[in-house]
Amino acid sequence: MLQQLQLRVGIVGAGLGGLAAAIGIARVGHKVTVLEQASALGEVGAGIQIPPNSSRILKRWDLLDKVEAVSVRPGDFILRSYRDGKILSRQNVFPYTEEQYGAPYLHVHRADFHRILTEEAIRLGVEIQLDSTVVGVDFQKPSVFVKGKPEFVADVVIGADGLKSVCRELLLGRQDPPHLTGDLAYRIIVKADDMRNHAELKALVEKPCINYWMGPDSHAVCYLLQGGSLYNIVLIRPDNLPETVNKARADLQEMRDFFKGWDPRLRALLDLVQETSKWRLQNSEEMLTWSHPNGRFVLLGDACHATLPYLAQGAAQAVEDGAVLGALFEKVQEKSQLPDLLVIYEAIRKARTTQVVKGSTSLRDIFHMHDGPQQQERDRQLSEQEPFEGFPNRWADPVFQPFLFGYDAYVEAYRAWRAYLNGRFPGTAGRFRTHL
Ligand SMILES: Cc1cc2nc3c(=O)[nH]c(=O)nc-3n(C[C@H](O)[C@H](O)[C@H](O)COP(=O)(O)OP(=O)(O)OC[C@H]3O[C@@H](n4cnc5c(N)ncnc54)[C@H](O)[C@@H]3O)c2cc1C
């Protein structure tokens, strides 16, 4: 009988990605410490969409019931024209994703999702150290240097510190600030009851759906949250924040003026908004590699594949990263296999996340078309044609949809590990043990 290996794993950042990795790895018996710069745990922002590729992982971790209890299952996914709200494309979500992919599509408040992951991590024995700002990494040991605290030494370090990642800059050996994308987001919550009492708006909340309005240089995404009591609104428009400001309280009149030529229902909805903030949307360049050649350090989530929100997949990809790491840490038998484990993780994750990042960025061009022949052709395809490969409703595309929703992080990781044990995983150094 082989001795169960227990590795010490340090994770920088307690966002959705860092917590997912902590859960995945702690579930299989390793000792996980998360170092988080904030003095209190939580998530900023409002709603988040959990697609089936992410909810499938929650199901495996026995967390789906808890998340579902505070979620809403949208019925349809609806793309509308900005001028009059005309429905151009409709894709069923519930019960479709459960029947087709065996996992639900959910809408949840970020704070609820984060709390459930935090509680599970703690239940599994993960130590979360708050007020711990990582300022340096020794890639050889490996260890991390935490501001004002002793050096933290581990067997492997995972940088999950988000878009403005210090870990990424340390790995690259240079500064790598996020770049502007030209867009910003208003993130808004209104009371759904205010809509139920409104003649023009009640139809939007009678049946939970994801509604998108597509217009020139901008779009709106709306859905119900928290048992249908809240309505989440994200408005994307061209960035007009001052150069040095990434988030600011927004002027409601300016927001309403920007959307004044839009569907009267959307305008009525914006009249209900009491307050909101503007968040600059930033991004980073694709990295050549996410890991250090020493084989004891790797990145995950927004730190290495920040994804614009258009496809609603950024956090889902970070959760997939955590699940793949968890599956590989379940299989590892000796410390010397760690460099190969990280090679396998990066190999199976990078190709997918690159495709998702590109898919999300390209959706911006599809959503934000100006009125004209291109937009007319997009609308014609959406409203008149059966979905085909490259269909403008990316969630209905018969090739892209199964790629996105059908991915099983555990199946991919186990398959890769088997190939590795058989000496067939490219880039690994033969540290596998053929008798296992
Ligand atoms: C408007 C908008 C809507 C979105 N909607 C969706 C959606 O519907 N579905 C979806 O899947 N995704 C969505 N996303 C994307 C999603 O929010 C992100 O991809 C996801 O939250 C990234 O998680 P993360 O854990 O990688 O990074 P983060 O959430 O950024 O977490 C990083 C953590 O690291 C900590 N940290 C940073 N630096 C240090 C340091 N030096 N030392 C210690 N700790 C540190 C931070 O405090 C933070 O807790 C959306 C994004 C936006 C902007």
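Residues numbered from 1 in each chain as written. Predicted model: local features only at pLDDT ≥ 70, side-chain atom pairs only at ≥ 80, totals over all residues. Heavy atoms only, no water.

The local shell around the ligand holds 31 residues, among which Gly17, Glu36, Gln49, Arg110 and Asp302 are the closest. The separation between an oxygen atom of the ligand and a polar side-chain atom of arginine 110 is 2.9 Å. Separating a nitrogen atom of the ligand from a backbone N or O atom of glycine 314 is a distance of 3.3 Å. Here the ligand, which alone exposes 1000 Å², has 86% of that area covered by the protein. For the shell around the ligand, the elements supplying multiple residues, two or more each, are α1 (16-26), β3 (47-50) and α12 (314-331). Residue composition of the shell around the ligand, by class: 13 nonpolar, 12 polar and six charged. (Near = heavy atom within 4 Å. Polar contact = N/O pair within 3.5 Å; in protein donor to acceptor, adjacent residues only side chain to side chain. Areas by Shrake-Rupley, 256 points an atom, 1.4 Å probe, with all protein chains shown as cover. Helix = DSSP H or I, 4+ residues; strand = E, 2+ residues; numbered from the N terminus. Nonpolar A, V, L, I, M, F, W, Y, C, P; charged D, E, K, R; others polar.)

Here the chain is partitioned into domain 1 (1-40 + 130-178 + 284-365 + 406-436) and domain 2 (45-109 + 179-283). The distance between the C-alpha centroids of domain 1 and domain 2 comes to 30 Å. Every contact between the two is made by 32 residues of domain 1 and, on the other side, 24 residues of domain 2. Between domain 1 and domain 2 the total buried area reaches about 2200 Å² when both faces are included, carbon and sulfur atoms providing 57% of it. Linking domain 1 with domain 2 are one salt bridge. For arginine 364, the salt bridge identified is with aspartate 183, shortest N-O distance 2.8 Å. Here domain 1 is connected to domain 2 by nine residue pairs in polar contact (both at pLDDT 80 or more). The greatest single-element share of the side of domain 1 that touches domain 2, amounting to six residues, is contributed by α12. (Domains from an automatic or database assignment. Contact = heavy atoms within 4.5 Å. Buried area = accessible area lost by both parts, 1.4 Å probe. Salt bridge = Lys/Arg side-chain N within 4 Å of Asp/Glu carboxyl O.)

Inspection of the secondary structure assignment puts lysine 191 in strand β13 (residues 179-191). Since its relative accessible area comes to 56%, lysine 191 is described here as exposed. For the pair formed by lysine 191 and serine 229, sequence separation is 38 residues and the distance between their alpha carbons is 6.3 Å. (Buried < 20%, exposed > 50% of the residue type's maximum accessible area, 1.4 Å probe, protein only.)

As summarised here, the arrangement of the three strands in space is β9-β10-β11, forming an open sheet in which the pairing is antiparallel. The outermost strands of the open sheet, each flanked by one partner alone, are β9 (134-138) and β11 (152-153). (Pairing = 2+ DSSP bridges.)

Attention shifts here to the nonpolar core. Ranked by internal contacts, the top residues of the largest apolar core, which has 80 residues, are Phe113 and Phe329. The element that contributes the greatest number of residues to this core is helix α16 (residues 409-421), accounting for nine residues. Residues from two domains meet in this core; each of domain 1 (1-40 + 130-178 + 284-365 + 406-436) and domain 2 (45-109 + 179-283) gives at least three. Setting aside residues up to four positions removed in sequence, phenylalanine 113 forms contacts with Leu16, Ile48, Ile50, Leu58, Val67, Val108 and Val319. Core analysis: the second largest hydrophobic core is formed by 32 residues, Val93, Leu230, Ile236 and Leu382 among them. (Core = buried A, V, L, I, M, F, W, Y, C linked by side-chain atoms within 4.5 Å.)

Sites flagged by UniProt as "domain: FAD-binding" (unreviewed entry) map to residues 8-359. Its end C-alpha atoms 36 Å apart, residues 8-359 is made of 35% helix and 28% strand. (UniProt positions renumbered as here; feature names shortened; annotations may be inferred.)

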